[in-house]
Amino acid sequence: MKLTIRNKKIITRAIRKATFISIVILIIFILVASNEITHHKLARTAQPLNVCLNTDSLPCPNISTETTSKPFIPNPELNEQQRFLSAIARKLTTVPQAGTYEYILLRAYGAVFVNQDVGIKLPPKHLFANEQETQEFQATLTMGNVDGTKDCYLQKSASDALNKARSLQKIPLKSGYGSGDCTRTFSTNLRFWRKYANNQILAKVQQGKETKILGVVAPPGTSQHLWGLAIDLRVGSKEQRKALNQNGWFQTVQNDVPHWTYVGLTEEDLPLFGFKKQITGGITYWITPL
Ligand SMILES: [Zn+2]
């Protein structure tokens, strides 16, 4: 009889234990299930956001496209100029008004502003007023050496890409060596300007009456060389051009034969960003559509 009572107690305890464990399992199950529902809900609400970013349809309120890992491609339904402007608007806080000196400079040298490389730093405006402004910008850049040179530096992404091209093909610098072909100071830019032009020509450029000079020399404070995104090279063969193009380097300043710009896009992508292909003197230039 005593044994039976003990057995009963043991059985009761076992039942209580089992019930307790079942309840705990049930609670865990409910928690996991509700969590999954929450996740599912989140995934569903996130979808329109992705669609918005992928199609670039507007408006996309409070979404910074900079934070997405997906590379930006302009909306193909826009025209060339709109595609280009939509790309550079991501990098430039203010896009200059048509007809202004800044707009003329953007048309001539603005190809760099489509660069999607997060490691690339773009200037806050199209022209630096003096050496101090130039130096302040240049001090913020991460620079890299062009292989085989002593004092030729470019922004690191640009020099890495150029070094890759130069590992495929022998591509000499215009002067053979030296910093004059690479990132320049304000005073070097000014010295080159004075060598080919003068203040009267500058006034005409500012009024939009003279543009040819922009393919010879950049006005003071406006050169792509100040930004660490351009280099002057001696290129003669198709193979050299191909190696440069495959690594994001293109000729973007019409008639400036030795001048190469780091755009950082593939050749196929250039038209998607609105660039116009123009062949002059057997050389393919990719011109801004402004
Ligand atoms: Zn140049």
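Check the entry above for the structure.
The rules we used
Residues numbered from 1 in each chain as written. Predicted model: local features only at pLDDT ≥ 70, side-chain atom pairs only at ≥ 80, totals over all residues. Heavy atoms only, no water. Pairing = 2+ DSSP bridges. Helix = DSSP H or I, 4+ residues; strand = E, 2+ residues; numbered from the N terminus. Buried < 20%, exposed > 50% of the residue type's maximum accessible area, 1.4 Å probe, protein only. Contact = heavy atoms within 4.5 Å. Polar contact = N/O pair within 3.5 Å; in protein donor to acceptor, adjacent residues only side chain to side chain. Phe/Tyr/Trp six-rings, centres within 6.5 Å; stacked < 30°, edge-to-face > 60°. Expected span 1.5 Å × (residues − 1).

## Thoughts on the sheet that holds strand 3 (residues 230-232)
If you walk across this open sheet you meet the three strands as 3-5-4, and the pairing is antiparallel. Both edges of this open sheet fall to strand 3 and strand 4 (249-250), since each of them pairs with a single strand only.

## So, the environment of Thr-284
Checked against the element boundaries, Thr-284 lands in strand 7 (residues 283-287). Overall, the relative accessible area of 27% leaves Thr-284 in the partly exposed class. Once the C-alpha coordinates of Thr-284 and Arg-241 are considered, the two residues, 43 residues apart in sequence, prove to be 9.6 Å apart. When neighbours within four sequence positions are excluded, Thr-284 is seen to be in contact with Gln-251, Lys-277, Gln-278 and Ile-279.

## Considerations on unusual backbone geometry
Where the residue is not glycine, phi is negative for most of them; where a peptide bond is considered, it is trans in most cases. Positive phi, close to 75°, is recorded for Asn-255, a residue that is not glycine. Here Asn-255 shows up in the loop between strand 4 and strand 5 (259-262). Given a relative accessible area of 47%, Asn-255 falls into the partly exposed group.

## So, the side chain of Asn-247
Considering the arrangement of structural elements, one finds Asn-247 in the loop between helix 8 (238-245) and strand 4. One polar contact links the side chain of Asn-247 to the main-chain carbonyl oxygen of Ala-243, over a distance of 2.8 Å. Apart from residues no more than four positions distant in its own chain, Asn-247 is found in contact with Ala-161, Lys-164, Ala-165, Leu-168 and Tyr-262.

## With respect to the packing of aromatic side chains
One pass over the full model with this rule turns up five aromatic pairs. Between Phe-72 and Phe-273, the ring centres sit 6.4 Å apart and the planes meet at 70°, which makes this aromatic pair edge-to-face. Of this pair, Phe-72 sits in the loop between helix 1 (2-55) and helix 2 (80-88) while Phe-273 sits in the loop between helix 9 (269-272) and strand 6 (276-280); the two residues are 201 residues apart in sequence, bridging distant segments of the chain. The class of Phe-72 is buried, set by a relative accessible area of 11%. Aromatic side chains Trp-249 and Tyr-262 sit 5.4 Å apart centroid to centroid with 45° between the ring planes, which places their arrangement in the tilted category. Here Trp-249 is found in strand 4, whereas its partner Tyr-262 is found in strand 5, with 13 residues between them in sequence. For Trp-249, a relative accessible area of 0% gives the class buried.

## A look at helix 5 (residues 156-168)
Relative to the 18 Å expected for 13 residues at 1.5 Å per residue, helix 5 spans 19 Å between its end C-alpha atoms, a close match to the ideal helical length. Taken residue by residue, helix 5 has Ser-157, Ala-158, Ser-159, Ala-161, Leu-162, Asn-163 and Ala-165 as its buried positions. Next to the buried residues of helix 5 lie strand 1 (143-145), strand 2 (153-155), strand 3, helix 8, strand 4 and strand 5.

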